[in-house]
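# Chain and residue survey
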Amino acid sequence: MAYHRIIVTVNGSTELVDVPSNMTLLQMLRDKLALTGTKNGCAAGECGACTVILNGEPVNSCMVLAVECDGASLTTVEGLVHDNQLDPLQQAVIDQGGVQCGFCTPGVLVSARALLDRNPRPSDYDIRDALLGNLCRCTGYLRLVEAVKDAARREVLRP
Amino acid sequence: MVVKEPGIGVRIPPPVGESVPRVDAQEKVTGAAIFTDDFQFGPGLLYARIKRSPHPHARLKSIDVSKASVLPGVKAVVTGKDFPGYIGLYLQDRYIFCRDRVRYVGDPVAGVVAVSEEIAEQALELIDVEYEVLPPVTDPEYGASPQAPLIHPDLGKYVVVPFIFPEAGTNISNHFKARKGDVDSAWEKCAVILERHYRIPHIQHVPIEPHVAVARADQDGNVTLWSSTQSPFAQRNLIAKALGISQSDVRVIGLYVGGGFGSKAGVTMEALVVAIATKVKGHPVKLRLTREEEFFTTFVRQGLVMHLKMGCDKEGKLLAMENRYYWDGGAYTEYGVNVTRAAGYSGTGPYEVPNVKIDSYCVYTNHPVSGPMRGFGHPEIHAGLEQCIDELALEVGIDPVKLRKINCVKEGSILVTGGRMHPTGLSQCLEKAAQAIEWGMKSPPSAPNKRRGKGIAIMWKAPAMPPNAGSSSWVELTEDGKVNVGVGGQEIGQGTFTVAAQMAAGALGVPATWVRVASPVDTKYSPYEWQTVASRLTWSMGNAIAAAARDARQQILHLVAQAWNEDIKDLDIVDGNVISYKTEESIPLKDMVVYGLPKPDGKGWIGGPIVGRGNFMPTYITGLDPETGQGERAAVHYTTGAQAVEVEVDMETGKVEVLRAVAAFDVGKAINPEMVRAQMEGGLIQGISTALFEELQLKQGLLHNPSLVDYRIATCVDVPPKIESIIVEVPQDDGPWGARGIGEHAMVPTIPAIANAIYDALGIRPGSPPYSSERVYLAMVDGGIVE
């Protein structure tokens, strides 16, 4: 198996990683960088638990090869906390009671972050559309949708 | 008897009853929470993969592992000949790896451990297995007949618990019977009699985290298992017995569980990886199931064929029910047998019926292993019962809500098993749900091609478990006066660690934020807990925690009474301080809970580190007569409730949309009301998903839709804009502060509520779920309302 040396920016930090040709971005994050907040739920691009932001777009990291990410910028759930402060989305998910088992939570938060970054005032339809690819078996989604609305309000009001 | 605190009466101490934030929320939103696959094991970690049967039923003639064993990177290959022990919770009916016969597509025949998953997977291809194919059984009613081929010829020899009744020489691994009153003579008194038949498909739990486990066997014989499990203690017990090792030499560490819903109860794939690990001592071995394997090689929910017959008089009073349940138990029913018992003793639904005949058969088939799933048989039976009740009401000309009010169980009602119902808020739940959905008011559809309707259904369910399933807890305090509470129940998303902290805080007299839950659960250090199943933790583990915290409290009060020369009755613990109502003196807990206090005369010290202990086990469950199912108390108690929905059906596509939904449940006492509501909502959506979408498509034992694309679960666009959740609180005599469970119940009445709403919209009974667009459209064609 051929190895490739790539440089990626992960949560603002520059990483030099040697990856085999067939390694997925998900495997690289979890096994090479120990960023285990990004979850493996199906390895087939169907559940959204492995969602990360790749150059501004939410992607299923299980469907992207690590070598494709040379020079890319990535945000994972671990990158949502800034200066020891939770992201407004993280706080809103806690406040709205949107956490249960917690396995889909990182992917949901990352999808929602990508949404608010490109659309700070999303409608209910926009939110549901953005979270359509994130399966959750515990919460029934309503509290997650409410949390995204709540976070959007907080961010619009933020100085 | 409501649990009382000495001298305080039935006061509910804060933070019990308050919606405090979840103790695990912060680590779960930051990605810091450690699930089993996240745990780091270093470079010694090896990986296992499983060779599985491609046939639903076959004799295992030979296995040749010689080529696989020599593949570079392979460390060991194991088969059934290495592990002769049986395993099972209620009925020991399976080997860890097949030895003589395979019974479903996916049955494990060999295991490979290698330096990588890829190499282990390659080695599977090099294992040659010779089978002699046998005819499969794929229908439970046929399986129960004398014509069916036997799937377990040794059924009569298996070890079984005393309340399960296998019929040797058949495929029936449990036959539960209830005989109450005289059904045969009751029919002639009925004004209306209905006979209906329903078929409930197998479905899967679909936790977003697939099963994963890591095992390490050491040279000294100790075994450690890290697993995503609802049952660390049951895994310790069952795996130790199957492998012939001492329970005390097996240590199970249960990390956070990414969704269970029953699929991670008992033992499913964990025994495989422990068995494999014993062949590569010193190395941790990881086995993680693919999503495809998750769909058919762990537990699935039982399929059910049910034949219901019920009748009422012209006032709508139910007079008789005669119900036959044929459960599709799959290849092994070691756990599933008790589903069929629990559904049997609750087999009338939540109604008082004077004349009852119930037969509930657990039947072996060559389908995936069927086991516990949220609701434990109750969503399945209610799916038929509550449609039939609706139909009966309309036939006899009584409003369906009113007919339910007349017949639903109330305090003192005589149950299926002959015992009496405890106080219950079922009638209130029904009324509140009907009111919230504006029962009887019809609203216009949103478009000319659509029709609207409303439906309602009620439910009951008791925790299903052995009569002596126990819980235990300890409570200790740290130098800062804060509290560490030991529990053996697993945090699977339901919020048990949070209510554990609340109950310990309330019983002790400290703020909720002072309590830490000793996690992860580790059988080596954590107190015993039977399993995290049956919606039993808030109730059973809660009783143990409250007892442990009260024990610690008594030790503290006793110490201070001695030191201050006071009567213990004048002392209390409030907000982390011991106070005297007599002298108005006060002392913070941190000043005495580890180092004690000086004696009043100053000569030496008294007290010592405080450790409270508590346990709980129901001691009041009686057996049931095997022939009549009659006995004093079959179950500890019933949680009851109701759901109502409004749906809209698209006449052009058959698509059913749930516009709004109401849930009302009697939880006895909501320890954390917001988390109770979260259970009601999540369960309702899981119920909607099973009602509209879910079905394992099995053809001759082979699953045709093992992916999240082909097996669809509800997404956020399938969810109604609003769910109203209503908490009813009629206290439970054996629950902590009156609490009962709510986890499973929230999805029990959803299928029939939706089916009844579809009928209200279309005038057509949709029958058996799922009510997919295709099924509903075809039903409309059959019913002549579309062409």
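Residues numbered from 1 in each chain as written. Chains lettered and ligands numbered in written order. Predicted model: local features only at pLDDT ≥ 70, side-chain atom pairs only at ≥ 80, totals over all residues.

We now examine the domain arrangement of chain B. Residues and elements named next belong to chain B. Under the domain assignment used here, chain B contains domain 1 (25-33 + 469-616), domain 2 (37-134 + 211-288) and domain 3 (300-465 + 623-782). Centre-to-centre separation of domain 1 and domain 3, based on C-alpha positions: 39 Å. Listed per partner, the contact involves 17 residues of domain 1 and 19 residues of domain 3. Considering every element that reaches the side of domain 1 that touches domain 3, the biggest residue donor is helix H14 (residues 537-564), with 5 residues. Residues that form the side of domain 1 that touches domain 3 fall into these classes: 8 nonpolar, 8 polar and 1 charged. (Domains from an automatic or database assignment. Contact = placed C-beta atoms within 7 Å. Helix = DSSP H or I, 4+ residues; strand = E, 2+ residues; numbered from the N terminus. Nonpolar A, V, L, I, M, F, W, Y, C, P; charged D, E, K, R; others polar.)

Our next topic: helix H9 (residues 336-345) of chain B. Residue and element names in this part refer to chain B. Burial analysis of H9 places 10 of its 10 residues in the buried class, which makes it a mostly covered element. All of the buried residues in H9 are Gly336, Val337, Asn338, Val339, Thr340, Arg341, Ala342, Ala343, Gly344 and Tyr345. Where H9 is buried, its residues touch strand S9 (172-180), strand S17 (318-330), strand S18 (355-364), strand S19 (370-371) and helix H10 (378-396). (Buried ≥ 20, exposed ≤ 12 C-beta atoms within 10 Å, placed from the backbone.)

Let's shift gears to the sheet that holds strand S31 (residues 639-650) of chain B. Residue and element names in this part refer to chain B. If you trace the 4 strands from one edge of the open sheet to the other, you get S20-S31-S32-S35, paired in mixed fashion. This sheet does not close on itself; its edge strands, each paired only once, are strand S20 (450-461) and strand S35 (722-728). Strand-to-strand twist across the sheet, computed as the mean angle between neighbouring axes with direction ignored, equals 15°. Relative to strand S32 (residues 656-666), S31 runs antiparallel, the two sharing 10 bridges. Across the sheet, residue Gln643 finds its bridge partner in S32, namely Ala663. Each of S20, S31, S32 and S35 touches helix H12 (residues 426-436); the most contacted strand, S31, lies at about 25° to it. (Pairing = 2+ DSSP bridges. Axes fitted to C-alpha atoms, helices over the stretch in contact; angles between N-to-C directions.)

Turning to the environment of B:Ala512, a few remarks are in order. Residue and element names in this part refer to chain B. Position of Ala512 relative to the elements: it lies in the loop between helix H13 (496-508) and strand S23 (515-518). C-alpha of Ala512 to C-alpha of Thr229: the two residues are 283 residues apart in sequence and 27 Å apart in space. The contacts of Ala512, once residues within four sequence positions are left out, are Pro15, Val20, Ala501, Gln502 and Ala505.

This part is about helix H3 (residues 105-118) of chain A. A rise of 1.5 Å per residue sets the reference length of H3(A), with its 14 residues, at 20 Å; its end C-alpha atoms lie 20 Å apart and thus fit the reference within 8%. Taken as a whole, H3(A) has its buried residues at A:Thr105, A:Pro106, A:Gly107, A:Val108, A:Leu109, A:Val110, A:Ser111, A:Ala112, A:Arg113, A:Ala114, A:Leu115 and A:Leu116. (Expected span 1.5 Å × (residues − 1).)

Counting residues in each nonpolar core, the largest one holds 310 residues, and the members touching the most others are B:Ala504 and B:Ile754. In terms of residue count, H14(B) provides more of this core than any other element does, 14 residues in total. (Core = buried A, V, L, I, M, F, W, Y, C linked by C-beta atoms within 7 Å.)

Quick look at the packing of helix H15 (residues 673-692) of chain B against helix H16 (residues 750-762) of chain B now. Working note: a packed helix pair is described by the angle between its axes plus the distance between those axes. All names here are of chain B. Between H15 and H16, the least distance of the axes is 8 Å, while the angle of their chain directions is 60°. Relative to H16, H15 is oriented oblique. When the axes of H15 and H16 are compared, the crossing they make is right-handed. Two secondary-structure elements touch here, H15 through Leu684, Gly687, Ile688, Thr690 and Ala691 and H16 through Thr750, Ile751 and Ile754. (Parallel < 35°, antiparallel > 145°, perpendicular 65-115°, else oblique. Left-handed = near helix turned anticlockwise from the far one by under 90°.)

All names here are of chain A. Packing of H3 against helix H4 (residues 124-131) leaves a shortest axis separation of 9 Å and a crossing angle of 130°. Here H3 is positioned oblique relative to H4, judged by the angle of their axes. You can see that H3 and H4 cross each other, and the crossing is right-handed. Judged by residue contacts, Val108, Ser111, Ala112 and Leu115 of H3 engage Asp126, Ile127, Ala130 and Leu131 from H4. Here the contact of H3 with H4 is built from residues that sort into 6 nonpolar, 1 polar and 1 charged.

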